[in-house]
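Spelled out, the chains give:
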Amino acid sequence: MRAIWKGAVSFGLVSIGVKLYSATEEKDIRFHQVHRDDGGRIRYKRTCSVCGEEVSYDDIAKGYDLGGGEMVILTDADFADLPLTSSRAIDVLEFVPAEQVDPILYNKAYFLEPEGTATKPYVLLRDALADSERVAIVKVALRQREQLATLRVRDGVLLLNTMLWPDEVRTPDFGFLDEDLKVRPPELAMAASLIDSMAGEFQPDAFTDDYRAALQEVIDAKVEGREVVQPAEEEAAPAAAVDLMAALKASVERARVARGEAPSGGAGEPTPISSARSAKQAAKAPGAKAGPAKKTTAGKTTAKRTTATKAEPTKKTTAKKTTEKKATKAPAKKTAEKKAAPRRSA
């Protein structure tokens, strides 16, 4: 990193020499404007709208438009005479609780590095600031402009956050703020349930810039001369819901299913997500491997019982047939005896 500013932090009567570094950087893919036919860079000339001549940087001054065609011209000498008492100093004004600073005021972040022999007072201020659980409100002049800022500790380093002035924050002025809209308690409760179902711990590394990755893929494909594969289209956003409660309930159920939880309505058709997670949990459960063996043994026992059950009706059927045969033979015998009886009497 390259230092962009040098100065000192004024902490009471203590002065701590520091260097200022940009703490953030934009990862946007930058392009040049070129001629479509031959790829030549497009250049812009600084020309005067009055005389039409090209103007060099040395001849350019700052002008404040008064309106009506009148202009006040300011030179570097005019800016040099401005009373910037904090031109090379970061003046600590007070220490306040961090939660009292509205995040909308934060602008840019810079790391502070101790310079020369200022390491010990730097570490002293850093540790005292961390123990106090407060942030320091400071004033600093950067690029010929005085700015309000905060000092806090991040990863063992003092971090300077420049801030907007209060009059630079716009006041929201929208028509719906004057409308008398009432939110029903059940709707508020369902919205709170949806928030709970989507709650989590913020991990910045879990989020990626998909657009930049896709754009880089297009550039790499152009360089290598290969075909660009279009990414799969994302699911279209649902249309605005007419029934707010129905939309909230559906959202809560969707969040629960995404987490692998059972729908609140009871048993229902398993989704691919819930089925996969249930199978995974079942595989991890203790004694899961012994399951098939038990089922096989139980299967064999059931088979034996079934065979025995089938055998019993067969026995009964055989016995029945034997009885029927005996019963058939018995009447035949009696009939023969009847026929023989009259002959004896004759």
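Residues numbered from 1 in each chain as written. Predicted model: local features only at pLDDT ≥ 70, side-chain atom pairs only at ≥ 80, totals over all residues. Heavy atoms only, no water.

### Quick look at a nonpolar patch on the surface
Here is the rule we go by: The patches reported here contain residues having more than 30% relative accessible area and no salt bridge. Joining distances are 9 Å for like charges and 5 Å for nonpolar side chains (Val, Leu, Ile, Met, Phe, Trp, Tyr). Here the Shrake-Rupley method, with its probe set to 1.4 Å, supplies the accessible areas, and only the displayed protein chains count as covering residues. Any carboxyl oxygen of Asp or Glu within 4 Å of a side-chain nitrogen of Lys or Arg constitutes a salt bridge here. Helix and strand definitions follow DSSP, with helices as H or I runs of at least four residues and strands as E runs of at least two, each counted in order from the N terminus. For each residue, the accessible area found with a 1.4 Å probe, counting protein chains only, is set against the maximum for its type, and the residue is called buried under 20%, exposed over 50%, and partly exposed in between.
Nonpolar side chains collect at one region of the surface, where Tyr 64, Leu 66, Val 72 and Leu 74 lie side by side and expose about 370 Å² of accessible area between them. Sorting the residues of the nonpolar patch by element identifies β3 (62-67) and β4 (70-74) as the ones contributing at least two each. Of note, Tyr 64 is situated in strand β3. A relative accessible area of 54% places Tyr 64 in the exposed class.

### Considering helix α4 (residues 210-224)
We apply this condition: To estimate the expected span of a helix, subtract one from its residue number and multiply by 1.5 Å. Counted as a polar contact is a pair of N or O atoms within 3.5 Å, where, for protein atoms, one must be capable of donating a hydrogen and the other of accepting one, and residues adjacent in sequence contribute only when both atoms are in side chains.
Here α4 is 15 residues long and its end C-alpha atoms lie 21 Å apart, about the 21 Å a rise of 1.5 Å per residue gives. The N-capping residue of α4, defined by a side-chain oxygen 3.4 Å from the backbone nitrogen of Tyr 211, is Asp 209. Remark: Gly 225 follows α4 within two positions and exhibits a positive phi of approximately 70 degrees.

### As for unusual backbone geometry
Positive phi is not limited to glycine here, since Glu 133 has a value of about 55 degrees. Relative to the helices and strands, Glu 133 resides in the loop between α2 (119-132) and β7 (134-141). According to the relative accessible area criterion, Glu 133 is exposed, its value standing at 68%. Its identity as a non-glycine residue notwithstanding, Asp 155 has a phi of 55 degrees, on the positive side. Positionally, Asp 155 belongs in the loop between β8 (146-154) and β9 (157-163). Asp 155 sits in the exposed class, given a relative accessible area of 66%.

### Digging into the packing of aromatic side chains
Here is the rule we go by: For this analysis, a ring pair means two rings from Phe, Tyr or Trp (six-membered ring only for Trp) whose centres lie within 6.5 Å, classed as stacked if their planes differ by under 30 degrees, edge-to-face if by over 60, and tilted for the remaining angles.
Going through the model one piece at a time under the given rule, you end up with three aromatic pairs. Geometrically, the ring pair formed by Phe 11 and Phe 95 is edge-to-face, given 6.0 Å between the ring centres and 85 degrees between the ring planes. With a gap of 84 residues between them, Phe 11 in strand β1 (residues 5-11) and Phe 95 in strand β5 (residues 89-97) connect regions that are remote in the sequence. Assessed through its relative accessible area of 34%, Phe 95 is described here as partly exposed. Between the aromatic rings of Phe 174 and Phe 176, the centroid separation amounts to 6.3 Å while the plane-to-plane angle is 20 degrees, which identifies the pairing as stacked.

### Re the nonpolar core
Where we set the bar: Residues grouped as a nonpolar core are buried Ala, Val, Leu, Ile, Met, Phe, Trp, Tyr and Cys residues, joined through side-chain atoms within 4.5 Å. Only heavy atoms enter the contact rule, under which two residues are in contact if any of them lie within 4.5 Å.
Residues Val 9, Val 18, Ile 90, Leu 112, Val 138, Leu 151 and Leu 160 are the most contacted members of the largest nonpolar core, which totals 21 residues. Where this core is concerned, the elements lending two or more residues are β1, β2 (14-22), β5, β6 (106-114), α2, β7, β8 and β9. Discounting residues that sit within four places of it in the chain, Val 9 has contacts with Val 14, Ser 15, Ile 16, Val 18, Ile 90, Val 92, Leu 112, Leu 125 and Leu 151. With seven residues, the next largest nonpolar core counts Val 96, Leu 105, Leu 148 and Met 163 among its residues.

### A short note on the environment of Ala 255
For Ala 255, the position within the fold is in helix α5 (residues 244-258). Residue Ala 255 is classed as buried on the basis of its relative accessible area, which comes to 13%. For Ala 255 and Ser 197, which are 58 residues apart along the polypeptide, the C-alpha to C-alpha distance reads 6.1 Å. The contacts of Ala 255, once residues within four sequence positions are left out, are Ser 197 and Met 198.

### So, the pairing of β7
Here is the rule: Whether two strands pair comes down to DSSP finding at least two bridges between them.
With respect to burial, β7 is a largely interior element, six of its eight residues being buried. By the bridge criterion, six bridges tie β5 to β7 in an arrangement that is antiparallel. Looking at β7, one finds that Phe 95 is bridged to Ala 136. Sheet topology places β7 next to β8; six bridges connect them, and they run antiparallel.

### Concerning the confidence of the model for the protein
Heads up, the condition is: Values of pLDDT, which run from 0 to 100, indicate the predictor's confidence residue by residue.
Considering every residue of the protein, the mean pLDDT works out to 76; 70% of them sit at 70 or more. Here helix α7 (residues 291-345) is the element of the protein with the lowest mean pLDDT, 45, and β9 is the one with the highest, 96. The low-confidence segment residues 266-276 (pLDDT under 50) makes four contacts with residues lying over four places distant or belonging to another chain. Between residues 288-346, whose pLDDT stays under 50, and residues either more than four places distant or in other chains, the model counts two contacts.

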